[in-house]
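Each chain, written out:
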Amino acid sequence: MSTKTRTSQIEIIITGFGGQGIILAGRILGMSASLGDKKESTLVQAYGPESRGGACNAQVIISDRPIHYPYVNTPKILVAMSQAGYDKFAPALAPDSILLVDQDLVNPENAVCDHYAIPSTRMAENLGNKMMANIIMLGFCTAITQAVSSEAAQVTIVRSVPKGTEERNVEAFNKGFDYGLSTLKGREKRAAGQTGAVLQ
């Protein structure tokens with residue numbers, strides 16, 4: 001049971017460049033945990049020299065107990081939406097970390113841990129708004145990691161996005177969430193295939 005207590009704290013870094021909505025994604029994640037899932041959470045945000053186009057990251061900690069130190073040293077989850085962001089934080093990953101990347105923007109070469117990819121920016125462009133890539137990525141992250149509940153995330157999104165865009169942002173979240181579920185299902189099928197099923 002002692003391992004349960006140890007893993008009750010999840011440390012997350014979301015990284016990318018200014019203008020991608022990285023900080024908003026971190027804020028939604030932290031608020032979903034505290035307001036929706038009734039857990040403790042902290043958010044630390046950092047910008048590079050320029051806010052638009054410069055590197056930025058959001059560090060989120062979610063825990064069942066009070067959090068005494070808000071900075072992330074070894075992320076359990078790293079969400080990378082830019083190559084520079086990935087390159088900066090990849091050395092901090094552990095073999096049991098989970099890495100999520102935008103597959104068109106990040107090449108997770110030599111990743112030490114399991115990684116999952118989604119074309120979040122391309123999917124957002126197909127929805128007619130590139131600015132929703134962060135919300136698609138949030139849905140993907142929620143499905144893969146279950147760091148927060150889908151319900152809490154959707155309620156927080158509605159509270160956090162500009163008026164009039166709530167419905168489209170929830171749709172973007174669901175697109176990412178469904179993509180995450182089918183990614184997990186695909187891996188399960190492949191694993192089952194390796195145990196002797198004949199693949200067509």
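Small disclaimer: the values here were computed from a predicted structure and weren't measured.

## Describing the nonpolar core
Argument step 1. By size, the foremost hydrophobic cluster in this structure holds 41 residues, and its most contacted members are Ile 12, Ile 77 and Leu 100.
Argument step 2. Residue contributions to this core peak at 9 residues, all from helix α5 (residues 133–145).
Argument step 3. Other than its neighbours up to four places away in sequence, Leu 100 contacts Ile 77, Leu 78, Val 79, Ala 80, Tyr 116, Met 137, Phe 140, Cys 141, Ile 144 and Thr 145.
Argument step 4. Counting residues in hydrophobic clusters, the runner-up holds 14 residues, among them Ile 61, Val 72, Ala 90 and Leu 99.

## Structural notes on unusual backbone geometry
Argument step 1. Positive phi values are uncommon outside glycine, yet Lys 38 reaches one of about 60 degrees.
Argument step 2. Its location among the elements puts Lys 38 in the loop between α2 (22–36) and β2 (40–47).
Argument step 3. Note on Lys 38: relative accessible area 67%, which makes it exposed.
Argument step 4. In this model, Asn 110 sits at a positive phi of 55 degrees, which is unusual for a non-glycine residue.
Argument step 5. If you trace the backbone, Asn 110 turns up in the loop between β5 (98–102) and β6 (114–118).

## Some details on the pattern of salt bridges
Argument step 1. Enumeration over the complete set of coordinates arrives at 4 salt bridges.
Argument step 2. Residues Asp 96 and Lys 76 are paired through a salt bridge, measuring 3.8 Å at the closest nitrogen-oxygen approach. A residue pair is termed long-range when its members are at least 10 positions apart, and Asp 96 in the loop between α3 (83–89) and β5 and Lys 76 in the loop between β3 (55–63) and β4 (77–80) qualify at 20 residues.

## As for the sheet that holds β4
Hydrogen bonding along the main chain pairs the strands of a sheet, whether they run parallel or antiparallel.
Argument step 1. Here 6 strands make up an open sheet; going across it, the order is β2-β3-β1-β4-β5-β6 and the pairing mixed. This sheet does not close on itself; its edge strands, each paired only once, are β2 and β6. Strand after strand, the sheet turns through a mean of 15 degrees between neighbouring axes, direction not considered.
Argument step 2. Of the pairings in the sheet, the one linking β2 to β3 comprises 8 bridges and is antiparallel in character. Looking across to β3, one finds that Leu 43 is bridged to Val 60.
Argument step 3. Here α2 sits on the sheet and contacts β1 (9–17), β2 and β3; the angle it forms with β3, its principal contact strand, is near 5 degrees.

## Overview of helix α6 (residues 150–160)
Argument step 1. Within the span of α6, buried status applies to Ser 150, Ala 152, Ala 153, Thr 156 and Ile 157. End-on view of α6: buried residues confined to an arc of 155 degrees, all on one side of the axis. Of the exposed residues in α6, the ones pointing more than 90 degrees away from its buried face are Glu 151 and Arg 159.

Analysis parameters
- Residues numbered from 1 in each chain as written.
- Predicted model: local features only at pLDDT ≥ 70, side-chain atom pairs only at ≥ 80, totals over all residues.
- Heavy atoms only, no water.
- Core = buried A, V, L, I, M, F, W, Y, C linked by side-chain atoms within 4.5 Å.
- Buried < 20%, exposed > 50% of the residue type's maximum accessible area, 1.4 Å probe, protein only.
- Helix = DSSP H or I, 4+ residues; strand = E, 2+ residues; numbered from the N terminus.
- Contact = heavy atoms within 4.5 Å.
- Salt bridge = Lys/Arg side-chain N within 4 Å of Asp/Glu carboxyl O.
- Pairing = 2+ DSSP bridges.
- Axes fitted to C-alpha atoms, helices over the stretch in contact; angles between N-to-C directions.
- Arc of directions from axis to C-beta.

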